[in-house]
Amino acid sequence: MKPKLNQFALLGFGGLLQIGLLMSCTNDVQETNNVATSDEEVVVPVSNNLTAADCPQSLYSWTNGTDYNVGVSPTIDDRSCAYNYTQSTYGSNYNWGVYRIAAPDVNGTLQTRIERESKKVNKLKTGNKVRFSGWCRILSVGTVESHATKNPTDTSDRNGTYIFQVKGKDDLSPADKSPAVCLFIAKAVRRPTGSIIKVNGQIEKFDIFREQIGIRNGYGDAQRSLVKITTVGYNQDFYVDVTTGFTVSGTTVTNYVNGTINGENVNWNAPNNVNPKETFFRMGAYRCWEGSATILWREGTKIDGFVNN
């Protein structure tokens, strides 16, 4: 098992929040959303610890200097064995939080992950909400060659890695569960024949989809669908700005997910066949059926606009 950083729990969250080298090019820096977009190429060091295992949940905080993703939460929920959360500038002008996972690591019957969790909105009132925003880069995602010919919008396709998700209990949820409401998954762009598009051996682009539930308290692939949101380049910055919250009309409570990824609208309302009880974000890297996934979130990624009156 890998060493952990400042571990303070190995069991459930309880009262806790659940939750290299740089090959540098001299480029113009473009300003978008008042945050600089960098075209520099970040290369994350390769680990030599890839022993697969069943990885228990471990909660820890970053103690090796400034935590550049602390704006989301100081708590890192690590259910991987091959890697720890790490961070560095990697020689660039920016500080990066690196969420790297590998197959066939698992967490019991669940997929491996390294994530952080936002504050929870749990008072059902119009105007209560929480916002997640920050710059992201994708270096790799889980790929399953045997599923290459599946349609990327087929929910049984095991390709891809979730970069963030919206979760929350509803009136029928088990007390110890907060089901996913919608998840944002990145998949390597493929040709119609199913082969992944590469340039000089490197994946060129990733499609990002919203994987959404069709009914609350429903489980399994058949209860979900995927909607393409945008396409982003390998190792290229894109901006995420998404808010989840509630609107209330009479006895009906609607859980909405509004905002943009890479400038494209993601607005969607969760089914209200069962009233929600809470809503919150988890971000980082989650799910890797084969290969490895590396998701970078830049300094300044944060949770704000939290209202829970």
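Residues numbered from 1 in each chain as written. Predicted model: local features only at pLDDT ≥ 70, side-chain atom pairs only at ≥ 80, totals over all residues. Heavy atoms only, no water.

### As for the overall build of the chain
Rules: The secondary structure listing takes helices from DSSP runs of H or I that are at least 4 residues long and strands from runs of E that are at least 2 residues long, numbered from the N terminus. To sort residues, take the accessible area from a 1.4 Å probe on protein chains only and compare it with the maximum for the residue type: under 20% means buried, over 50% means exposed, and anything in between is partly exposed. Surface accessibility in these figures is a Shrake-Rupley result with a 1.4 Å probe; residues are shielded only by whichever protein chains are displayed.
The secondary structure content of the chain amounts to 0 helices and 26 strands. Residue burial in the chain is summarised as follows: out of 309 residues, 52% are buried. For the chain, the accessible surface area stands at approximately 13,300 Å², while carbon and sulfur atoms represent 49% of it.

### Things to note about the pairing of strand β21 (residues 252–261)
Formally: Two strands qualify as a pair provided DSSP detects at least 2 bridges between them.
Across the 10 residues that make up β21, a large majority, 7, are buried. Both strand β20 (residues 238–249) and β21 contribute to a ladder of 10 bridges, which runs antiparallel. From the neighbouring strand, Thr-243 faces β21, where its bridge partner is Asn-258. Between the end of β20 and the start of β21, which pair antiparallel, lie 2 residues, with Gly-250 showing a positive phi angle near 65°. Relative to strand β23 (residues 268–269), β21 runs antiparallel, the two sharing 2 bridges.

### Examining the packing of aromatic side chains
This is how it is decided: Side-chain rings of Phe, Tyr and Trp, where Trp is taken by its six-membered ring, are said to pair if the distance between their centres is within 6.5 Å; with planes under 30 degrees apart they count as stacked, over 60 as edge-to-face, and otherwise as tilted.
Within the structure shown, the criterion is met by 9 aromatic pairs. With a centroid separation of 5.7 Å and 85° between ring planes, the pair formed by Trp-62 and Tyr-85 is classed as edge-to-face. Note that Trp-62 is positioned in the loop between β6 (58–60) and β7 (76–78) and Tyr-85 in the loop between β7 and β8 (86–88), a separation of 23 residues in sequence. With 5.0 Å between their ring centres and 55° between their planes, Tyr-85 and Tyr-99 make a pair best called tilted. You can see Tyr-85 sitting in the loop between β7 and β8 and its partner Tyr-99 sitting in strand β9 (residues 96–102), a full 14 residues away along the chain. Overall, Tyr-85 belongs to the buried group, its relative accessible area being 1%.

### A few points about the state of the cysteines
Put simply, the test is: What counts as a disulfide here is a pair of cysteine sulfur atoms lying within 2.5 Å.
According to the stated counting rule, one finds 1 disulfide in the structure shown. Covalently, Cys-55 is tied to Cys-81 through a disulfide, its sulfur atoms 2.0 Å apart. Handedness here is read from the sign of the S-S torsion; for Cys-55 and Cys-81, about -130°, the answer is left-handed. Remark: Cys-81 occurs in the loop between β7 and β8 and Cys-55 occurs in the loop between β5 (41–43) and β6; sequence separation between them is 26 residues.

### Here we look at the pattern of salt bridges
Here is the rule we go by: The rule for a salt bridge is simple: a side-chain nitrogen of Lys or Arg has to be within 4 Å of a carboxyl oxygen of Asp or Glu.
Tallied over the entire structure, the rule returns 16 salt bridges. The partner of Lys-120 in a salt bridge is Glu-117, and the shortest N-O contact between them spans 3.9 Å. The partner of Lys-302 in a salt bridge is Asp-304, with the nearest N and O atoms 3.7 Å apart. Because the salt bridges share partners, they merge into one network encompassing Asp-77, Arg-79, Glu-115, Glu-117, Lys-120 and Arg-282.

### Remarks on unusual backbone geometry
Omega for the bond connecting Ala-103 with Pro-104 falls within 30 degrees of zero, at 5°, which places this linkage in the cis form. If you trace the backbone, Pro-104 turns up in the loop between β9 and β10 (106–107). Of note, Asn-200 is a non-glycine position whose phi angle comes to about 55°, a positive value. Among the structural elements, Asn-200 can be located in the loop between β16 (198–199) and β17 (202–203). Residues other than glycine seldom take positive phi values, yet Asn-262 does so here, at roughly 55°. As for its placement among the helices and strands, Asn-262 is situated in the loop between β21 and β22 (264–265).

Read these as spatial facts, not as claims about activity.
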